[in-house]
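As a plain string of letters, each chain reads:
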Amino acid sequence: MKIKLSTLKSQVITDNPELLQALTNLYAFKIPGSEYSMAYKRRNWDGKQRFINNSGVFRTGLLDRVLEDLKKIECEPEIEYSHSIPSQMNHHQALSIPGFTYYDYQKELINQGLNKMRGIIKSPTGSGKTLIMAGIIKSLATKGRKMVVLFNAKQLLTQTYEFLTEDCNLKNVGICFGEGYVYGDIMLCTVQSLEKILDTHLKESEVLLVDECHEFSKGRTTLAAINSFPAAVYRLGFTATPPSETIPKYNLEGAFGPVMEVANTVDLVNDGKLTKPIIQLVNREYIANGADENMSYDDVYNTYIVQNESRNNAIKDIVYEISKKRTARILILTKSLDHGRIIEGLLR
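Residues numbered from 1 in each chain as written. Predicted model: local features only at pLDDT ≥ 70, side-chain atom pairs only at ≥ 80, totals over all residues. Heavy atoms only, no water.

(A) Just the environment of Gly-257, in detail. With respect to the element layout, Gly-257 can be found in the loop between α9 (246-255) and β14 (259-261). Under the relative-accessibility criterion, Gly-257 is labelled buried at 0%. Note: C-alpha distance between Gly-257 and Ile-120 (137 residues apart in sequence) is 6.2 Å. In contact with Gly-257, other than residues within four places in its own chain, are Gly-61, Gly-119, Ile-120 and Leu-252. (Helix = DSSP H or I, 4+ residues; strand = E, 2+ residues; numbered from the N terminus. Buried < 20%, exposed > 50% of the residue type's maximum accessible area, 1.4 Å probe, protein only. Contact = heavy atoms within 4.5 Å.)

(B) Structural view of the sheet that holds strand β7 (residues 118-122). Spatial ordering of the open sheet is given by β10-β9-β11-β8-β12-β13-β7-β14, a layout of eight strands whose pairing is mixed. In this open sheet, the two edge strands, each paired with only one partner strand, are β10 (180-182) and β14. Strand-to-strand twist of the sheet, defined as the mean angle between neighbouring strand axes without regard to direction, takes the value 20°. In the sheet, strand β9 (residues 173-177) pairs with β10 via three bridges, with the strands oriented antiparallel. Looking at β10, one finds that Phe-177 is bridged to Gly-180. Packed on one face of the sheet, helix α4 (residues 104-116) meets β7, β13 (234-239) and β14 and runs near 150° to β14. Packed onto the sheet, helix α5 (residues 129-140) meets β7, β8 (147-151), β11 (186-190), β12 (207-211) and β13 and runs at close to 165° relative to β13. (Pairing = 2+ DSSP bridges. Axes fitted to C-alpha atoms, helices over the stretch in contact; angles between N-to-C directions.)

(C) Highlighting the packing of α4 against α5. Running from amino to carboxyl end, α4 crosses α5 at an angle of 45°, the nearest separation of the two axes being 9 Å. Put simply, α4 runs oblique to α5. The chirality of how α4 crosses α5 is right-handed. Of α5, the residues touching α4 (which contributes Gln-106, Leu-109, Ile-110 and Leu-114) are Leu-131, Ile-132, Gly-135, Ile-136, Ser-139 and Leu-140. For the contact of α4 with α5, a count of residues per class yields seven nonpolar, three polar and no charged. (Parallel < 35°, antiparallel > 145°, perpendicular 65-115°, else oblique. Left-handed = near helix turned anticlockwise from the far one by under 90°. Nonpolar A, V, L, I, M, F, W, Y, C, P; charged D, E, K, R; others polar.)

No statement about biological role is implied by the geometric values presented.
Next comes the structure, spelled out in structure tokens:
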């Protein structure tokens, strides 16, 4: 048996059709709700998504899983690489960024990303995931190498751009979103604006990084994006919450590779790197004056949450109480930008 390996897709080649069929069945999973489709009802489709097709083709990021399953039956296939990795791309140690000192777990994740070249970097919320990304970019940003860093939200993109350019002083960093475009060999781009960089980065980028990659695990457009860039031998996703459902998990691993985790939230809290969270529920009287059952979800959310004066004032009061007791940096998470602006206005 042999596995022909390439950047995006690989193929199991064997003269044992029964083994290939067993692999195909092992990597076939029922799609929730598929029984309601016409194709399923007409028995033209079994309702499953297959991650290894009848020809043995699979997404390269699943290689570790495939090899592990073959090892269970004492099968060790020959690996044939159909792409070459330039020797100058072999980095083994994280390069430092002036003004920052990596924690041990951050440095370890950077080095794992550089050496393994593909995978999903799992790091808890608040653990410095953006600095880990910056360390990888710094370590690979030599000789004008092209990179793409994908985001699913403009706000995350602009925050990361400012961090890389202003705090980390990285050069040749571009930005691309709906209202703006600045070219850079290291291009930060929202998935919604990806068409703007296809001519400059699709075929030439050697590095693909994806922030909050779990958000790319289901949608047709987002999946197409992370399964593109054929020259990107470095393919790394970043998330605090990899999907647990089988199909989204395999979608993500197929594009990037296995999950890399050095320290979880409990470890970092125990080490004093993260503050132990305290959850407090605030009871509020809810009065839906003028509620209309025909209102859309967006209308209900805007009326009773975003524009809810008593709720927003309650948030303001909580913030003021905390600020009176101690000096602290306070983060308020909101679902919508409009809601965030209203809260910001109340706090001024």
